[in-house]
Amino acid sequence: YFGTTTRTTTMMSLEILAPIPLTGDWPAGQTMRLAAQLAEGLINEEQRILPGFMLKHVFHDDKCNPSKGSQIVLSEMSAKDTYIALGGGGCSKVCAQESTVASSIRLPFLSYECPSDFDPRLSDTNSYPDLTRMGTVTTPVIDVIRKIGDKYDWNHIIIVSGDRSKYKELAEERMQNFEDLRFTSEYKSAEEDNWQSIQQVMSEIKESTKGKNRTVFFIGTEQLFRKLICASITEGLQKGIAWVTEGTWRHEWWTKTDHSAPQHRQWLAEDASRSQLHQAFDEFKQSWDEYDTNVEVTRAALQKDYATAQKDALFSVEGSESYHDAHRTWHAVYRKILYDRGYYDIFFFDANGDLIYSVYKESDYATNFKATGNGPWKDSGLGNAFEAAMASPDKVHYIDWKPYGPSGGAPAAFFATGIKDKDGVLVGVYSIQLPPEFERSIEELQPQCELQIMAEAFEGAVNVAGLGRPTDEDLEKPLDCFKSHSAKSLSALIDDHLRTGYPAGNTANQVADPYYDIKSHAVDATCAIAKTVEHLYKTKGYSIQQIQKPNEEVYTEFNRYMKNDLDFRGASGRVKFSGNNRRNTLSVKQVRQGKEVQVGLVHLNGTISWIGNGTSNASWAQEPADPPDKFKYWLVLQIGIPSLIFCCTCMASLHFGMKRARERSGGKKEKELQFGFADSSNQASNKASGSAGTGSQDIVGV
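For clarity, every value in this text was computed on a predicted model and none was experimentally measured.

Student: Describe the overall build of the protein, listing the residues and the values that go with them.
Tutor: A count of helical and extended segments in the protein gives 21 helices and 21 strands. When the 702 residues of the protein are sorted by exposure, 51% land in the buried category. In the protein, of all internal contacts separated by at least 6 residues, the share reaching a separation of at least 24 is 68%. Counting every atom, the protein has about 31600 Å² of accessible surface; 52% of that belongs to carbon and sulfur.

Below is the structure:
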């Protein structure tokens, strides 16, 4: 494809403005960028759709931030109003805001993604009449959950999301969806940067599901999801939660560290491969060497001039030395990079270990970092970064957090890579210092959450997202935009360039962690814009200038054709829009033995076909119920009750025995009293007459 660039340099460029999420909550823009560059290269090489013209994307990082995306559109259009379309777009909230802006300035908008229902209003043609999007709407996830729930007797679904201000609308819609079926549901949210809040959510789930199955439907970012899984481990939940999600995620993300570290690696690799860095480094190095023949004089002079209380706000210094010219030229450039990416500092080292430029210019500025030198900070983390990059300049090296003296002893971490000249000779090191608020991946902070243990806790998870390719029967049919390719062969070509860059060997756009399911969307979106421009130019007869600066008629026809008439066989399947949306087959995947496996398809007519037996519940488990009290109640039954009966019997016998004894004792005394009185009478009578006394004695004897 190097030949393509040479051949098309004399052709007229047709530029597509493309804000994409290269960073932020969902950095799938790196995958989209490479795929779109490959597509434009193939279209430009074939010269079949737009002969005499060269498509060219102009990419910007919208950081998955709606305000940033809108700012890019407005600032770019004020500087250059000849873009033929607004492309890119990945995050739904960004698409919503960009659509409104684009419509107001008559800039046709085809989003390369903006999927699912994270903003349900995007399907509304009244709210967003001029939006068209490639992302697959995932509303049928509800039908999938119903099928799985019926199969495994689910009855309760817990929805967990991040920031309620972002996700409440979708979460409440999903609650209603679940309750319209037969499920009960509840909604919990956690603050992404509050570990205690995340632990609390998982602790509550543990307490409320004892003795029950756990089904958790998650809405939010990869970072929060990773933390929730970790919290399920630290809070002692039984492995076997049925995690359920919708939408596209980084390939097998649960087996990898947080994507923010790979982002920094990607940035450094991109910077190191660009002519901008090489030119800036060359100017600083040459002017450093020219400043004075004694390097110690150079250090002292530059430290006096630049290591001031103004720090990074110092742009220019008086003086005739060429170093000041280089600083005036490049400081604003690298200061902007620092703020855009959230770095703490940026450093240029020459091969001798001298820090010839930094943005912030603390006490490390202009000192030496070579391990064998005498610099005061050579044994610091930054010194380690310099030595690592010099030893292996083609890699991006990470030096972990430890106190760094020039930054007031605050913890600091660094990335570094080598700088080579045009002949491939190592000439220096490019390094950055991460900001103090940079958050390390949770498995690095929580010893219990090693990646392997996290993967085990995620086993059995289910995801529903766009298939991202044609179904098997159409995989090898020729594509309309790329006649020399089928979807299968083009997919393989994209995968190859994700690994090697585009053109091959370009490290600036290699993608270490692709979002494979959306790679073909950017390819087909590029084709869709090319075909729509072809229609306006060839069929309708509009000039390129009219397409670049459309009046209401041209703008309306662009949108009408794309939404209603455009229909072609694409790398991601049939490209045919209905309203704002492009319907496509959905894929149902499940994590098995740590790998994502396709277990079903949701077809355009809504039917679900399972592959094999579909989902499996082999890894799902109930949260254990509380164990019974350790007091041995069986002893009460086997010993206590018989003993009680025996005691009661004894007490009753004693009671009746004592009562009988009292009765017998009381009767004897009564008789003695009665007979004693009689004897006294008889004795008295005998004194009067002897016969009566004798008879009385006989009676007593009886």
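Continuing now.
Student: Break down helix α6 (residues 164–180) for me, with residues and values.
Tutor: When the terminal C-alpha atoms of α6 are compared, their 22 Å separation across 17 residues agrees well with the 24 Å that a helix rising 1.5 Å per residue should span. Residue Leu170 marks the point of greatest curvature in α6, where the axis turns by about 25°. Among the structural elements, α5 (141–152), β6 (156–161), β7 (184–189), β8 (215–219) and β9 (242–246) are those in contact with the buried residues of α6.

Student: Quick one: what's the story with unusual backbone geometry, residue by residue and with numbers?
Tutor: With an omega dihedral of -10°, the bond running from Tyr502 to Pro503 counts as a cis peptide bond. For Pro503, the location among the structural elements is in the loop between α16 (487–500) and α17 (519–539). Residue Lys361 is not a glycine yet carries a positive backbone phi of 55°. Note on placement: Lys361 falls in the loop between β11 (355–358) and α13 (381–391). By relative accessible area, which is 1% here, Lys361 ends up buried. For Gln593, which is not glycine, the phi torsion reads 55° and is therefore positive. Relative to the elements of secondary structure, Gln593 occurs in the loop between β19 (586–592) and β20 (595–602).

Student: Now, about empty space enclosed by the protein: what can you tell me, with residues and values included?
Tutor: Taken as a whole and judged by the stated rule, the model has 4 cavities of 30 Å³ or more. As a volume, the largest cavity reaches approximately 100 Å³. Per element, the largest residue contribution to the lining of the largest cavity is 3 residues, and it comes from helix α9 (residues 260–273). Residue classes in the lining of the largest cavity are distributed as 5 nonpolar, 4 polar and 2 charged. Taken as a whole, the second largest cavity encloses approximately 50 Å³ of empty space.

Student: Run through the packing of α9 against helix α10 (residues 275–291), naming residues and quoting values.
Tutor: Following both chains from N to C, one finds α9 and α10 inclined at 65°, their axes separated by 5 Å at the closest point. Classified by the angle between their axes, α9 and α10 sit roughly perpendicular to one another. Packed against α9, whose contacting residues are Asp271, Ala272 and Ser273, the element α10 presents Ser275, Leu277 and His278 at the interface. Tallied by class, the residues present in the contact of α9 with α10 amount to 2 nonpolar, 3 polar and 1 charged.

Student: Give a detailed account of the state of the cysteines, specifying residues and quantitative values.
Tutor: Here the structure, examined in full by the defined rule, presents 4 disulfides. There is a disulfide in this structure between Cys64 and Cys91, and the S-S distance comes to 1.8 Å. Every disulfide takes its handedness from the sign of the S-S torsion; for Cys64 and Cys91 that torsion is -115°, giving left-handed. In this pair, Cys64 sits in the loop between β2 (53–61) and α3 (66–79) while Cys91 sits in the loop between β3 (85–86) and α4 (92–104), placing the two residues 27 residues apart along the sequence. Here Cys64 and Cys91 have matching classes, each one buried. Between the sulfur of Cys481 and that of Cys527 lies a disulfide, 1.6 Å long from S to S. The chirality of the disulfide connecting Cys481 with Cys527 is right-handed, given an S-S dihedral of about 80°.

Student: Report on the pairing of β11, specifying residues and quantitative values.
Tutor: As paired elements, strand β10 (residues 345–350) and β11 share 3 bridges and run antiparallel to each other. By the bridge assignment, Phe347 is partnered in β11 with Ser358. Where β10 folds back onto β11 in an antiparallel hairpin, the turn is made up of 4 residues, including Gly353, whose phi is positive at roughly 95°.

Student: Lay out the side chain of Arg133 with the relevant residues and their values.
Tutor: Among the secondary structure elements, Arg133 is positioned in strand β5 (residues 131–133). Since its relative accessible area comes to 0%, Arg133 is described here as buried. At 2.9 Å, the side chain of Arg133 and the side chain of Ser123 are in polar contact.

Student: Lay out the confidence of the model for the protein with the relevant residues and their values.
Tutor: Model confidence for the protein is summarised by a mean pLDDT of 89, while 88% of its residues fall at 70 or above. Counting interchain partners and residues more than four positions distant, the pLDDT-below-50 stretch residues 1–8 has 14 contacts. Low pLDDT (under 50) marks residues 667–702, which in the prediction has 4 contacts with non-local residues, meaning those over four places away or in another chain.

Student: Describe the sheet that holds β11, listing the residues and the values that go with them.
Tutor: If you walk across this open sheet you meet the 5 strands as β11-β10-β14-β13-β12, and the pairing is antiparallel. In this open sheet, the two edge strands, each paired with only one partner strand, are β11 and β12 (397–403). Neighbour-to-neighbour, the strand axes of the sheet open up by a mean angle of 25°, direction not taken into account. Each of β10, β11 and β14 (426–433) touches helix α12 (residues 322–341); the most contacted strand, β11, lies at about 55° to it.

Student: Please provide a residue-by-residue account of the environment of Asp345, values included.
Tutor: Residue placement: Asp345 occurs in strand β10. Classification of Asp345 as buried rests on a relative accessible area of 0%. Taking the C-alpha atoms as reference points, Asp345 and Pro435, separated by 90 residues in sequence, lie 8.0 Å from one another. Sequence-distant contacts of Asp345, that is, excluding residues within four places in its chain, are made with Leu338, Ser358, Val359, Tyr360, Lys361, Ser431, Ile432 and Gln433.

Student: Describe the sheet that holds strand β18 (residues 581–582), with residues and values.
Tutor: If you trace the 3 strands from one edge of the open sheet to the other, you get β16-β17-β18, paired in antiparallel fashion. Each end of this open sheet is capped by a strand with a single partner; those strands are β16 (567–570) and β18. When β16 meets strand β17 (residues 573–578), the two strands line up antiparallel, connected through 4 bridges. Each residue of the ladder has a partner; that of Phe568, found in β17, is Val575.

Reading guide: rules and limits
- Throughout, residues of each chain are indexed from 1 in the direction in which the sequence is written.
- At least 70 in pLDDT is required for a residue's local features to be given in this predicted model, at least 80 for side-chain atom pairs to be given and counted, and no such filter applies to totals for whole chains, interfaces and linings, which use all residues.
- Water and hydrogen atoms play no part in the side-chain values, which are based on all heavy atoms of the structure.
- Runs of H or I in DSSP of at least four residues are treated as helices and runs of E of at least two as strands, each being numbered from the N terminus.
- Partly exposed residues are those whose accessible area sits between 20% and 50% of the maximum for their type, while under 20% is buried and over 50% is exposed, using a 1.4 Å probe and protein chains only.
- Contacts are assigned to residue pairs that have any heavy atoms within 4.5 Å of one another.
- Accessible surface is estimated by sampling points in the Shrake-Rupley manner with a 1.4 Å probe; for residues, cover comes only from the protein chains shown.
- Residue count minus one, scaled by 1.5 Å, sets the expected span of a helix.
- To get the bend at any residue, fit one axis to the seven residues that end at it and another to the seven that begin at it, then take the angle between the two axes.
- Using only the protein atoms, space was sampled on a 1 Å grid; points where a 1.4 Å probe fits but cannot get out form cavities, open sets with protein on both sides within 12 Å along at least five of seven lines form pockets, and lining residues are those with an atom within 4 Å of a point.
- Grid points are joined across faces, edges and corners, and a volume is the space filled by probe spheres set on the points.
- Classification convention: Asp, Glu, Lys, Arg as charged; Ala, Val, Leu, Ile, Met, Phe, Trp, Tyr, Cys, Pro as nonpolar; all other residues, Gly among them, as polar.
- Every axis corresponds to a line fitted to the C-alpha atoms, with the helix fit spanning only the stretch in contact, and the corresponding angles, defined between N-to-C directions, vary from 0 to 180 degrees.
- Angles are sorted into four bins: roughly parallel if under 35 degrees, roughly antiparallel if over 145, roughly perpendicular if 65 to 115, and oblique for all others.
- Two cysteine sulfurs form what is called a disulfide whenever their separation falls within 2.5 Å.
- DSSP calls a pair of strands paired once it identifies at least 2 bridges connecting them.
- Under the rule applied, a polar contact is a pair of N or O atoms within 3.5 Å (in protein, one hydrogen donor and one hydrogen acceptor; residues adjacent in sequence only if both atoms are side-chain atoms).
- Known as pLDDT, the predictor's confidence for each residue is given on a scale from 0 to 100.

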